[in-house]
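Architecture and fold: a report
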Amino acid sequence: LEGSSAEKWATLSAFKTGIVLCSYPGAVHMVSYKQRGKLMLKRDLIDELSEDVGVLILDESTRAGHPKSLTHQLCDYIAAHTRNRYALAGLPFGRDPTMLFHQQGIIDGGESFGSTLGMFREAYFTKEQNIWAKSRFAFTYTFDKRMTPQFSRRMQHRSITYEEHECTDVPKVQEIILPVKLRGEARQYYERVNEEIVALAKSGAADLKATKNVFLRMRQITSGFLGFKDDESGERAQIVFKENAKLDALLEELGGVPENRKAVVFYEYTWSGRRISEELKKAGIGHAWL
């Protein structure tokens, strides 16, 4: 499912049987509406999306591990109405395994760790009262390492894990090209600039500098903006497009990186680096911008 939500629905309505591929953000937007600038899930759209779904597969299921997120709420609802559920590459890294409770809950409805977060914490965590909180019922929970064997045994109830030494024969690192499609305003601007560069070529009057300038604008548009010089102030400014498919794809990829691993993102424009940094802050992903 690609393009706008309307385009996704059109594709889905014409689809009969088989496999439907959809990104987490794309699925959420398909079944949401905006209320005071905030996305809200719409039950009848979720029912329509999950109609006749027999198998639900969640790749990088940590994306659905945050209980307050719309992604988790959507996946949890669809899973409750789907017989076969699978979560892939979803083992969270770090000291707090709480996310596993929510991921596992989507898969087995609480058979492994129970149906309430309170009971889960009482079983596997120690707690101390948070003296800085206004409520006397606010606690800080810390995983009790003594419960690791019991926790691991429960994990094996509905999951399969592999030790690192079992995966040492994986192939060499391969370059993976992730194609994205321009949408909305960006696509319209790109098509105009594309016509301009074709016209330059046909006229025979195009010089190297003019061609480079047009090509530069094409690269900027694919990055989500278009730079220009303000005629009044003489300062440089940008037209920023509402939809940025390239940035959305990047953030989705970074969301699947384990917490104890590093990723390096190279970019061409300072504007791009700033936007990436802003979005990572919003997502709560620790990073350093060089």
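Residues numbered from 1 in each chain as written. Predicted model: local features only at pLDDT ≥ 70, side-chain atom pairs only at ≥ 80, totals over all residues. Heavy atoms only, no water.

With that out of the way, let us pick up the overall build of the protein chain. Helix and strand counts for the protein chain come out as 11 helices and eight strands. In terms of overall dimensions, the protein chain has a C-alpha envelope of 75 × 50 × 50 Å along the principal axes. When the accessible area of the protein chain is evaluated, it comes to approximately 21200 Å², of which 52% is carbon and sulfur surface. With 41 positive and 38 negative side-chain charges, the protein chain shows a spacing of 4 Å between the two charge centroids. (Helix = DSSP H or I, 4+ residues; strand = E, 2+ residues; numbered from the N terminus. Areas by Shrake-Rupley, 256 points an atom, 1.4 Å probe, with all protein chains shown as cover. Lys, Arg positive; Asp, Glu negative; His and termini not counted. Charge placed at Lys NZ, Arg CZ, Asp CG, Glu CD.)

Side chains that are nonpolar tend, in soluble globular proteins, to be buried together. Membership of the largest hydrophobic core comes to 20 residues, with the highest contact counts inside it found for W9, V31, L49, L74 and I106. Within the residue set of this core, elements represented by two or more residues are α1 (5-14), α2 (24-30), α3 (43-49), β3 (55-58), α4 (70-80) and α5 (98-108). In terms of residue count, the dominant contributor to this core is α4 (five residues). In this structure W9 touches M30, V31, L45, E48 and L49, once residues within four positions along its chain are discounted. Listed in part, the nine residues of the second largest apolar core include F101, F120, F125 and F143. (Core = buried A, V, L, I, M, F, W, Y, C linked by side-chain atoms within 4.5 Å. Buried < 20%, exposed > 50% of the residue type's maximum accessible area, 1.4 Å probe, protein only. Contact = heavy atoms within 4.5 Å.)

Attention now goes to the pattern of salt bridges. When the charged atoms of two side chains with opposite charge come close together, those side chains can pair. On inspection of all chains with the given rule, the structure shows 12 salt bridges. Notably, a salt bridge pairs E243 with R183, separated by 2.9 Å at the nearest N-O pair. Taken together, the positions of E243 in the loop between β8 (236-240) and α10 (245-254) and R183 in the loop between α7 (148-155) and α8 (184-203) put the pair 60 residues apart, joining distant regions of the chain. Exposure remark for E243: the relative accessible area of 36% places this residue in the partly exposed category. We note a salt bridge from R217 to E196, for which the minimum N-O separation is 2.6 Å. Pair noted here: R217 is in helix α9 (residues 208-223) and E196 is in helix α8, with a separation of 21 residues, a long-range link. A residue is classified by how much of its surface remains accessible, and R217, at 24% relative accessible area, is partly exposed. (Salt bridge = Lys/Arg side-chain N within 4 Å of Asp/Glu carboxyl O.)

Buried within α10 are the following residues: A245, L247, A249, L251 and L254. Lining the buried residues of α10 we find α11 (270-282).

Let us now look at the packing of aromatic side chains. With the rule as written, the count across this model stands at 14 aromatic pairs. Measuring from ring centre to ring centre gives 5.2 Å for Y189 and F241, while their planes differ by 50 degrees; the resulting arrangement is tilted. Of this pair, Y189 sits in helix α8 while F241 is found in the loop between β8 and α10, placing the two residues 52 residues apart along the sequence. With a relative accessible area of 24%, Y189 lands in the partly exposed category. Taken together, the ring pairs connect F101, F113, F120, Y124, F125, F143 and F151 into an aromatic cluster. Above the face of the Y141 ring, R121 is positioned so that its terminal group lies 4.6 Å from the ring centre. Above the face of the Y189 ring, R192 is positioned so that its terminal group lies 5.0 Å from the ring centre. (Phe/Tyr/Trp six-rings, centres within 6.5 Å; stacked < 30°, edge-to-face > 60°. Lys NZ or Arg CZ within 6 Å of the ring centre and 35° of its normal.)

What follows deals with the environment of E51. Relative to the helices and strands, E51 is located in the loop between α3 and β3. Considered as a pair, E51 and I78 are 27 residues apart in the sequence and their alpha carbons are 9.1 Å apart.

On β3, burial follows the alternation: L56 and L58 on one face are buried, whereas V55 and I57 on the facing-out side are not. Where β3 lies against strand β4 (residues 84-87), four bridges are found, and the strand directions are parallel. Counted as the bridge partner of I57 is Y86 from β4. With α4 bridging β3 and the parallel β4, this β-α-β connection has right-handed handedness. (Pairing = 2+ DSSP bridges. Right-handed = clockwise from strand over helix to strand, strands pointing away.)

Examined against the element boundaries, I176 turns out to sit in the loop between α7 and α8. Classification of I176 by relative accessible area gives exposed; the value is 74%. In sequence terms I176 and P25 are 151 residues apart; their C-alpha atoms lie 21 Å from each other.

Distances and angles like these do not, on their own, reveal function.
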